[in-house]
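Secondary and tertiary structure notes
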Amino acid sequence: MVEKILSTTSKVIPIRIDEGKGLTPPIGAQLVAPHGNTQDKRGRILRDLRISVTDRCNFRCTYCMPKEVFDQNYPYLSHKELLSFEEITRLTSIFSTLGVEKIRLTGGEPLLRKNLEVLIAMLAKVRTPDGKPLDLTLTTNGSILRKKATALKAAGLQRLTISLDGLDDGIFKKMNDVDFPVADVLDGIAAAQEAGFENIKINMVVKKGTNDHEIVAMAKHFKGSGVTLRFIEFMDVGSSNGWNMAEVLPSKEVIARIHAVFPLEAIEANYSGEVAQRWRYVDGSGEIGVISSVTQTFCHECTRARISTDGQMYLCLFANEGFDFKTLLRSDNSDAEIANAIMNTWAARDDHYSEIRGSHTADPSTGSRKVEMSYIGG
Ligand code: SAM
């Protein structure tokens, strides 16, 4: 496997958009009042926003930030290139006038961003046009949650998603590639529960042949714990993870394996556009979710935009170019102008990458390359 990663990544020049090189978002000649009904070319409406607060991570998960690419020579963003907390909060407020109600902070590893709880406290004060607080959540690898959970809760974070790819230490360490033990992530989850987080989700990326035999053990561990486990199909994000369809285990197989041991039944989505399909244990001991972005694509109901660590807006996880909102924020544009630029950018959206992806390993030496997930926000 390492050999495969090396052979597909050795020539990779890390991809990110250099300062000011993103597309210019169209403000338009005539400003309209911000509203939440902008449809893109496929009739999709903007409802949620993911913000990458750092492109750095302390893990080197082989499927996301493989060591061979993300080494000491990788050109991470410098501090001045990052959006400041004030800029992130302003942009979030503007997005909230356009119908966005859900904000997910991610990265990289978001808890590595210094004083993140200060940003959360700022975002917790933002209100939708009808006076409601935003649904604020965060995805983390859990490695420093023991230290941070109480401060995050006190700052106003409502929900948490924690990534964990197995319970077997050998497999987990091989996947995170920095020798990080399972016990410390489990302790992070416990810390989050002790801090009072009630809505905790666990993300497990399933790679066929690497950790798929951990599926039932993971289900057994979290069954009845109040924590919702979600299985994510290994995706071809970025241009450096050596993705191959042969390593994707379809979600229906995940469900079949769990169902054979702990009977399951399908349940309704919480809301339209929810990425996970929900299942509950027939014995009433909780639910699980599957995110089938490869085998059962959900582009047609995608309501998400992403803001990269340096303020580029991306319309798709698999995009290869973004729109430069940092320059707009750092010029003397008004909130109304920025809101119009967001609406116009969204209105021109036409992507549906997952519906048309090929089934083989991306070859970085040919064709256009996709931005890395750590930069754009997972
Ligand atoms: N560092 C944080 C973490 O580990 O959760 C947040 C960022 S991470 C990019 C967000 C989520 O994306 C994690 O749950 C991770 O497992 C998932 N992810 C990363 N690369 C993926 C891939 N190639 N396929 C599927 N999920 C992936």
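Going by the structure above, here's the rest.
The structure displayed is predicted, hence computed values, not measured ones.

Now for the overall build of the protein chain. The number of helices and strands found in the protein chain is 12 helices and 12 strands. Taken over the C-alpha trace, the protein chain has a radius of gyration of 20 Å; the compact-globule value for 378 residues is 21 Å, and the two agree within 12%. C-alpha extents for the protein chain along the principal axes are approximately 60 × 45 × 40 Å. Residues classed as buried in the protein chain amount to 56% of the 378 residues present. Pairs at least 24 residues apart make up 75% of the contacts formed inside the protein chain by residues separated by at least 6 positions. If you sum the accessible surface of the protein chain, you get close to 15800 Å²; carbon and sulfur atoms cover 53% of it. Computing the positive centroid from 46 side-chain charges and the negative centroid from 48, the protein chain places the two 1 Å apart.

All right, on to the side chain of Thr137 then. By the element assignment, Thr137 lies in strand S3 (residues 135–140). Of note is the side chain of Thr137, whose polar atom sits 3.1 Å from the backbone oxygen of Arg159. Ignoring any residue separated from it by four or fewer positions in sequence, one finds Thr137 in contact with Ile103, Arg104, Leu105, Leu157, Arg159 and Leu160.

The next thing to look at is the pattern of salt bridges. Working definition: two side chains of opposite charge can pair if their charged atoms are close together. Summed over all chains, the structure comprises 21 salt bridges. Where Arg44 meets Asp40, a salt bridge forms, and the shortest distance between an N and an O atom there is 2.6 Å. The buried category is assigned to Arg44, whose relative accessible area is 3%. With a closest N to O distance of 2.6 Å, Lys223 and Asp283 form a salt bridge. Taken together, the residues Lys223 in the loop between helix H7 (215–222) and strand S6 (228–233) and Asp283 in the loop between strand S8 (277–281) and strand S9 (287–291) connect sequence positions 60 residues apart. A cluster of three or more residues bridged by salt bridges with shared partners is formed by Asp40, Arg44, Arg349 and Asp351.

Turning our attention to unusual backbone geometry. With a phi close to 60 degrees, Asp177 is a non-glycine residue in the positive phi region. Along the polypeptide, Asp177 turns up in the loop between helix H5 (169–176) and helix H6 (182–194). With a relative accessible area of 23%, Asp177 lands in the partly exposed category.

So, about the sheet that holds strand S4 (residues 159–163). The strand order S7-S8-S9-S6-S5-S4-S3-S2-S1-S10-S11-S12 describes an open sheet built from 12 strands, whose pairing is mixed. Of all strands in the sheet, those bounded by a partner on one side alone are strand S7 (264–267) and strand S12 (323–324). Relative to S12, strand S11 (residues 312–314) is paired through 2 bridges, and the arrangement is antiparallel. Bridge pairing in S12 links Gln312 to Asp324. Where helix H2 (residues 85–96) meets the sheet, its contacts fall on strand S1 (48–54), strand S2 (102–107), strand S10 (304–307) and S11, and the angle it forms with S1 comes to roughly 175 degrees.

Let's shift gears to H2. For H2, built from 12 residues, the straight-helix expectation of 16 Å at 1.5 Å per residue is met to within 8% by its first-to-last C-alpha distance of 16 Å. When H2 is considered as a whole, its buried residues turn out to be Phe85, Glu87, Ile88, Thr89, Leu91, Thr92, Ile94, Phe95 and Ser96.

What follows concerns the layout of surface pockets. Approximately 490 Å³ is the volume attributed to the largest pocket. In terms of lining, the largest pocket is formed by 26 residues, of which the most central are Lys102, Arg159, Asn270, Tyr271 and Glu274. Listing elements by their share of the lining of the largest pocket, those giving two or more residues are S1, S2, S6 and S9. A class-by-class count of the residues in the lining of the largest pocket yields 4 nonpolar, 7 polar and 15 charged.

About the criteria used
- Residues numbered from 1 in each chain as written.
- Predicted model: local features only at pLDDT ≥ 70, side-chain atom pairs only at ≥ 80, totals over all residues.
- Heavy atoms only, no water.
- Helix = DSSP H or I, 4+ residues; strand = E, 2+ residues; numbered from the N terminus.
- Rg over C-alpha atoms; globule rule 2.2 N^0.38 Å.
- Buried < 20%, exposed > 50% of the residue type's maximum accessible area, 1.4 Å probe, protein only.
- Contact = heavy atoms within 4.5 Å.
- Areas by Shrake-Rupley, 256 points an atom, 1.4 Å probe, with all protein chains shown as cover.
- Lys, Arg positive; Asp, Glu negative; His and termini not counted.
- Charge placed at Lys NZ, Arg CZ, Asp CG, Glu CD.
- Polar contact = N/O pair within 3.5 Å; in protein donor to acceptor, adjacent residues only side chain to side chain.
- Salt bridge = Lys/Arg side-chain N within 4 Å of Asp/Glu carboxyl O.
- Pairing = 2+ DSSP bridges.
- Axes fitted to C-alpha atoms, helices over the stretch in contact; angles between N-to-C directions.
- Expected span 1.5 Å × (residues − 1).
- 1 Å grid on protein atoms, 1.4 Å probe; cavity = no way out; pocket = protein on both sides within 12 Å on 5 of 7 lines; lining within 4 Å.
- Points joined across faces, edges and corners; volume = space filled by probe spheres on them.
- Nonpolar A, V, L, I, M, F, W, Y, C, P; charged D, E, K, R; others polar.

Fair warning: the whole summary comes from geometry, so function is off the table for now.
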